[in-house]
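# Overview (structure and organization)
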Amino acid sequence: MSYTALYRKYRPDTFEDVKGQDHIVTTLKNQIRADRIGHAYLFCGTRGTGKTTVAKIFARAVNCEHPVDGNPCGSCAVCRGIAAGSSMNVVEIDAASNNGVDNIRQIREEVSYSPTEGRYRVYIIDEVHMLSIGAFNALLKTLEEPPPYVIFILATTEAHKIPVTILSRCQRYDFRRISIETIAVRLHDLLRQEQVEAEDAAIRYIAKAADGSMRDALSLLDQCIAFYLGEALTYDHVLEVLGAADTEVFSRLLRAVLARDAAGCIRLLEEMIALGRELGQFVTDFTWYLRNLLLVKSSDDMEDVLDMSTENLALLKEEADMTESDVIMRYIRVFSDLSGQLRYASQKRVLTEIALIRLCRPSMETSQDALTDRVASLEKQMESGFAAAAELSVRQPEGAAARTAPDGTQTPARAAPVMPKAIPEDIRQAVKNWRSIIQELPGLIRSYLKGAHLSLGGDNKLMLVFDDDMAYTYVTEGTRVQEITDCISRRIGKEVELQFEKNVSAAPFDENYIDLEKIIHMEIDIEE
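Our focus in this paragraph is the overall build of the protein chain. Summing up its helical and strand segments, the protein chain has 25 helices and ten strands in all. Taken over 528 residues, the protein chain has a buried fraction of 45%. When the accessible area of the protein chain is evaluated, it comes to approximately 27300 Å², of which 50% is carbon and sulfur surface.

Below, the structure written as structure tokens:
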């Protein structure tokens, strides 16, 4: 026997099996019990929320020979015939492919004949908004005054496209998006029946990814089970199958953005692409992460609203203290715009990289929230600058003069550089060959090292001084220091110890440090 997809296998047979639509189920059951059945219904809502399922249950219930509390019995000849699709009393029409005037005229001819069994002829017209204007006009008269034994159920995901003349003749029922909790409970129940083990975190992620659609949730679950057939379904398995990223990745990305580390953001994105993560899902999930961050920033009582563990919530609260609400809203706006662009884009990676750079560089935009972000960034830079100045002033030796910047502020100067008595031979060789050494390194490291100044550090180390914070951060991160050291060793045959430093003062490099390149290239040897 061929395999049946989960969403078909577990399609509800009674109103009680329909989840998340209690307001509609209760109303329809009351109508059936009281025999106050309307002649035209309009079911509206997003995909997978139960519109067609409820329409089929309703069609069986109004024709059932022995209804039970408004539900079809499921055992009488009428119920069995409708369930098998052999009954002439229930007609399903796909308006996407049967949207012409002739199709509706055929219905008008058919409704003149009373049902051969049961009480009602029920017409379920799916995606009714796809009907042409002529078809709607042809349906209008029949919909307004149908025979007493005819019921029309119109289903649509886009109610705004239906003419007002049709809307006014129907009882309208809006199907809501199903909550994550409701979907998760349903998935637990189905997995128990399918005898498949699954982690709670895996089930909740599928429920969240379904975006309020029970059918989507079952399809995603089917996909994950098939990929890891015979194995327990874990959170990591679900992330891998759906091409999604863990929350920890979004935390790293956010902190890189807050640090204005554009290079770090691009590297992280590259890691995600290398792992096979789908960019559209990545952008959607990061936008959701930012939404959670904004909620935490807005109130301290968001534990019940946010669907996450205690550890992740604590991390989110820490990050909320690192930024402002206006800045988060800007991030959400940029990524929401990106989500719409990616749907039809051929260069998704390029657009995502540009969006990340925009987050790290608010100076690229002139919008109000971008200006707010720029002001916040300047305030942080000023605070860190004052902290560095205070630290320098504590270490400042007597007699060192402060430097006055063009804006009138004073930055403490370093002690005047003292000329070394001797320059070790290995450092001398490294400096002489520096330009050829960095040519052997990868592109971004090479670019940043071209702007580095060479000086002599403590314990006769080769000091690399950077004026650019981003260059300093990038070069000193991870295994890059060892990569530079190994490259020097290969070039000169000796191992040189390196020291890295940022030039935090307002003074030029050569006022605070010994410029080894200038000394060695002028061939000035300083001996004891």
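So, on to the nonpolar core. Within soluble globular proteins, side chains that are nonpolar tend to cluster in buried spots. Counting residues in each nonpolar core, the largest one holds 36 residues, and the members touching the most others are L254, F286, Y331 and F335. Those elements that provide at least two residues to this core are helix 12 (247-258), helix 13 (262-274), helix 14 (279-298), helix 15 (310-320), helix 16 (325-342) and helix 17 (348-360). Here the element with the most residues in this core is helix 14; it accounts for nine residues. Among the nonpolar cores identified, the runner-up in size contains 33 residues, and A263, I423, V475 and V496 belong to it.

Glancing now at the confidence of the model for the protein chain. Summarising the model, the protein chain shows a mean pLDDT of 81, and 84% of its residues fall at 70 or more. Segment residues 522-528: pLDDT under 50, and eight contacts once partners within four positions in sequence are set aside and those in other chains are kept.

Looking now at the sheet that holds strand 9 (residues 462-466). The mixed open sheet is built from three strands, whose spatial order is 8-9-10. Each of the sheet's edge strands pairs with one partner strand only, and the pair in question is strand 8 (453-456) and strand 10 (498-502). In this sheet, neighbouring strand axes are inclined to one another by 30° on average, regardless of whether the strands run parallel or antiparallel. As paired strands, strand 9 and strand 10 are joined by five bridges and run parallel to one another. Among the inter-strand pairings, L462 is bridged to a residue of strand 10, identified as L498.

All right, on to helix 3 (residues 51-63) then. With 13 residues, helix 3 ought to run about 18 Å at 1.5 Å a step, and its terminal C-alpha atoms sit 19 Å apart, in line with that. The buried count for helix 3 comes to eleven of 13 residues, which makes it a mostly enclosed element. Listing the buried residues of helix 3 in full gives K51, T53, V54, A55, I57, F58, A59, R60, A61, V62 and N63. Packing partners of the buried residues in helix 3 comprise helix 2 (22-34), strand 1 (40-44), helix 4 (77-84), strand 2 (90-94), strand 3 (121-126) and strand 4 (150-156).

So, about the pairing of strand 3. The side chains of a regular strand alternate between both faces of the sheet. In terms of burial, strand 3 is largely enclosed, as five of its six residues are buried. Judged from the five bridges that link them, strand 2 and strand 3 form a sheet pairing that is parallel. Considered in strand 3, the bridge of V91 is made with Y123. Pairing geometry for strand 3 and strand 4, over five bridges, is parallel. If you follow R121 over to strand 4, its bridge partner there is V150. Once you follow strand 3 into helix 6 (residues 133-144) and on to strand 4, the crossover reads as right-handed.

Mapped onto the fold, R176 is located in the loop between strand 5 (171-174) and helix 8 (180-194). It is 9.4 Å that separates the C-alpha atoms of R176 and S213, two residues lying 37 residues apart in sequence. Beyond its immediate chain neighbours, meaning those up to four positions away, R176 contacts Q21, H23 and T49.

Strand order in this open sheet of five strands is 2-3-4-1-5, and the pairing throughout is parallel. The open sheet has two free edges, formed respectively by strand 2 and strand 5, since each of these has just one partner strand. When strand polarity is set aside, the average angle formed by the axes of neighbouring strands in this sheet is 15°. Examined bridge by bridge, strand 1 and strand 4 share five bridges and lie parallel to one another. Bridging across to strand 4, C44 finds its partner in T156.

Helix 13 packs onto helix 12 with a crossing angle of 160° between their chain directions and a minimal axis gap of 9 Å. With respect to helix 13, the axis of helix 12 lies roughly antiparallel. Read as a crossing pair, helix 12 and helix 13 show a hand that is left-handed. Residue-level inspection shows V249, R252, L253, A256 and V257 of helix 12 in contact with helix 13, the latter providing C265, L268, E271 and M272. Taken together, the residues of the contact of helix 12 with helix 13 sort by class into seven nonpolar, no polar and two charged.

Right, let's talk about the packing of aromatic side chains for a bit. Given two aromatic rings, their pairing is described by the distance between the two centres and the angle made by the two planes. Counted under the stated rule, the structure contains 16 aromatic pairs. Taken together, a centroid distance of 6.5 Å and an interplanar angle of 10° make the contact between F286 and Y289 stacked. Of the two residues, F286 and Y289 are both situated in helix 14; the distance of three residues between them amounts to about one turn of the helix. Y289 shares its class with F286; the two are buried. The lysine or arginine in question, R291, covers the ring of W288, its NZ or CZ lying 4.5 Å from the ring centre. One Lys or Arg, R480, reaches over the ring of Y474 and ends 3.8 Å from the middle of that ring.

Conventions and cut-offs
Residues numbered from 1 in each chain as written. Predicted model: local features only at pLDDT ≥ 70, side-chain atom pairs only at ≥ 80, totals over all residues. Heavy atoms only, no water. Helix = DSSP H or I, 4+ residues; strand = E, 2+ residues; numbered from the N terminus. Buried < 20%, exposed > 50% of the residue type's maximum accessible area, 1.4 Å probe, protein only. Areas by Shrake-Rupley, 256 points an atom, 1.4 Å probe, with all protein chains shown as cover. Core = buried A, V, L, I, M, F, W, Y, C linked by side-chain atoms within 4.5 Å. pLDDT = per-residue confidence, 0-100. Contact = heavy atoms within 4.5 Å. Pairing = 2+ DSSP bridges. Axes fitted to C-alpha atoms, helices over the stretch in contact; angles between N-to-C directions. Expected span 1.5 Å × (residues − 1). Right-handed = clockwise from strand over helix to strand, strands pointing away. Parallel < 35°, antiparallel > 145°, perpendicular 65-115°, else oblique. Left-handed = near helix turned anticlockwise from the far one by under 90°. Nonpolar A, V, L, I, M, F, W, Y, C, P; charged D, E, K, R; others polar. Phe/Tyr/Trp six-rings, centres within 6.5 Å; stacked < 30°, edge-to-face > 60°. Lys NZ or Arg CZ within 6 Å of the ring centre and 35° of its normal.

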